[in-house]
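Results of the structural survey
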Amino acid sequence: MRKTLRLLTFSVGFLAYYTSLAQATSIPKLEIAKGDTYIVGPENLLVVDTLILHDKATIRFAPNGKGRLAAKVAYVGDACTITSKGAHGKHGKLGTAGTDGEDGSNLEIAVHFMKLGSLTIDTRGGDGGNGYKGKHGTKPKTKHAHSTTIDSQGQVATVYQPVIGGTGSKGEAGTPGSAGGNGGDLTLAYSSSNFVINFNHSPRSGLKASGLIEVLHQTGKAGLAGKDGNSYVGMNEAGTTVITGGPVTKAHEQKQVGQIMLVNNNILKP
């Protein structure tokens, strides 16, 4: 499904901010090879004069603080990614629920595209961890003892008699799944040289073209609830009551999708 993104007018203050940023910390050139990932430093800041992303290259920002990227010119290949997506939560264990997914961090990006194949900008929250699925209890077992008798005609007969072998046991308790993370906000100020950028027509949509940007900013999915294990109560197989374990659920806090602001600098050009 195509998502609707807001297109806002040019912000002088926003570009002035990045201009001052570039003067202080600019890298002359950054080239990321095909399939490689560049991890932005602890300041979560990357300012570069010329940015080259070969096919399937990735720039990764830490999800624990705002990420900032400025590039005077960028050459971007196919299936590239800029991401600040939150990490997925861990699955629950016996007695503990899954952990929440991390929030995706906010991103501020200013870039002029000289070439653009396809780019995904991902600020999604991480998925919540699944709850623990309790193991079933043990079923009771009935043993059969036998004895032999001789009837009045001298025939030998074997008699089988059930003997209680023990009770069944309870199943383990399941634990609830946890919440996904919030989606991060994205502010993208962009311009391009002699081509139009198409938003949220990803290569997966079947559109065969260049100049594609897909923005992912959803909340992470809530983890699946774990179930209690089945419990078996009774003194023998025939009299066993099976208590089927259901899912263990809990209410989650409402999560927020990231807000998107697109600033098209091309509209200022004569």
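Residues numbered from 1 in each chain as written. Predicted model: local features only at pLDDT ≥ 70, side-chain atom pairs only at ≥ 80, totals over all residues. Heavy atoms only, no water.

1. Focus on empty space enclosed by the protein
One way to see where empty space is left: roll a probe the size of a water molecule over the atoms. Rule in force here: Cavities and pockets were defined on a 1 Å grid built over protein atoms only: a cavity is a set of grid points that admits a 1.4 Å probe from which the probe cannot escape, a pocket is an open set flanked by protein on both sides within 12 Å along at least five of seven lines, and lining residues are those with an atom within 4 Å of any such point. Grid points are joined across faces, edges and corners, and a volume is the space filled by probe spheres set on the points. In DSSP terms, a helix is any run of H or I states spanning at least four residues, a strand is any run of E spanning at least two, and both are numbered starting from the N terminus.
Taken as a whole and judged by the stated rule, the model has one cavity of 30 Å³ or more. Size it by volume and the largest cavity reaches roughly 60 Å³. Surrounding the largest cavity, Leu51, Leu53, Leu69, Ala74, Val76, Ile82, Ile109, Val111, Phe113, Leu119, Ile121 and Leu188 form its lining. Looking at the lining of the largest cavity, the elements with two or more residues in it are strand S4 (45-53), strand S6 (67-76), strand S8 (107-116) and strand S9 (118-122).

2. Overview of unusual backbone geometry
A positive phi is found at asparagine 44, a non-glycine position, where the angle reads about 60°. Residue placement: asparagine 44 occurs in the loop between strand S3 (37-39) and S4. A positive phi is found at asparagine 194, a non-glycine position, where the angle reads about 65°.

3. Let's talk about the pattern of salt bridges
Note the following rule: Each salt bridge in this description consists of a side-chain nitrogen of Lys or Arg and a carboxyl oxygen of Asp or Glu lying within 4 Å of one another. Any residue under 20% of the maximum accessible area for its type is buried, any over 50% is exposed, and the rest in between are partly exposed; the area is computed with a 1.4 Å probe on protein chains only.
In the structure shown here, the tally under the stated rule is four salt bridges. Residues glutamate 31 and lysine 29 are paired through a salt bridge, measuring 3.8 Å at the closest nitrogen-oxygen approach. What makes glutamate 31 partly exposed here is its relative accessible area of 44%. As a salt-bridge pair, arginine 124 and aspartate 122 come within 2.8 Å of each other at their nearest N and O atoms. The partly exposed category is assigned to arginine 124, whose relative accessible area is 25%.

4. A word on the environment of valine 233
Among the structural elements, valine 233 can be located in strand S15 (residues 231-233). Distance from valine 233 to serine 169, taken between C-alpha atoms, is 6.6 Å for residues 64 residues apart in sequence.

5. Some details on the confidence of the model for the protein
What counts is decided by this rule: A residue's pLDDT is simply how confident the predictor is in it, with values from 0 to 100. Working rule for contacts: check all heavy atoms of both residues, and any pair within 4.5 Å makes them a contact.
Residues of the protein with pLDDT of at least 70 account for 75%, and the chain-wide mean is 83. For residues 1-14, every residue scores under 50 in pLDDT, and the model assigns this stretch 37 contacts once sequence neighbours within four places are set aside.

6. Quick word on the packing of aromatic side chains
Which entries qualify depends on this criterion: Paired rings are identified among Phe, Tyr and Trp, the last through its six-membered ring, by centres lying within 6.5 Å, and are further divided according to the angle between planes into stacked (under 30 degrees), edge-to-face (over 60) and tilted (the rest).
Inspection of every chain in the model, using the stated rule, returns one aromatic pair. With centroids separated by 5.3 Å and ring planes inclined at 65°, the aromatic side chains of tyrosine 190 and phenylalanine 199 adopt a geometry described as edge-to-face.

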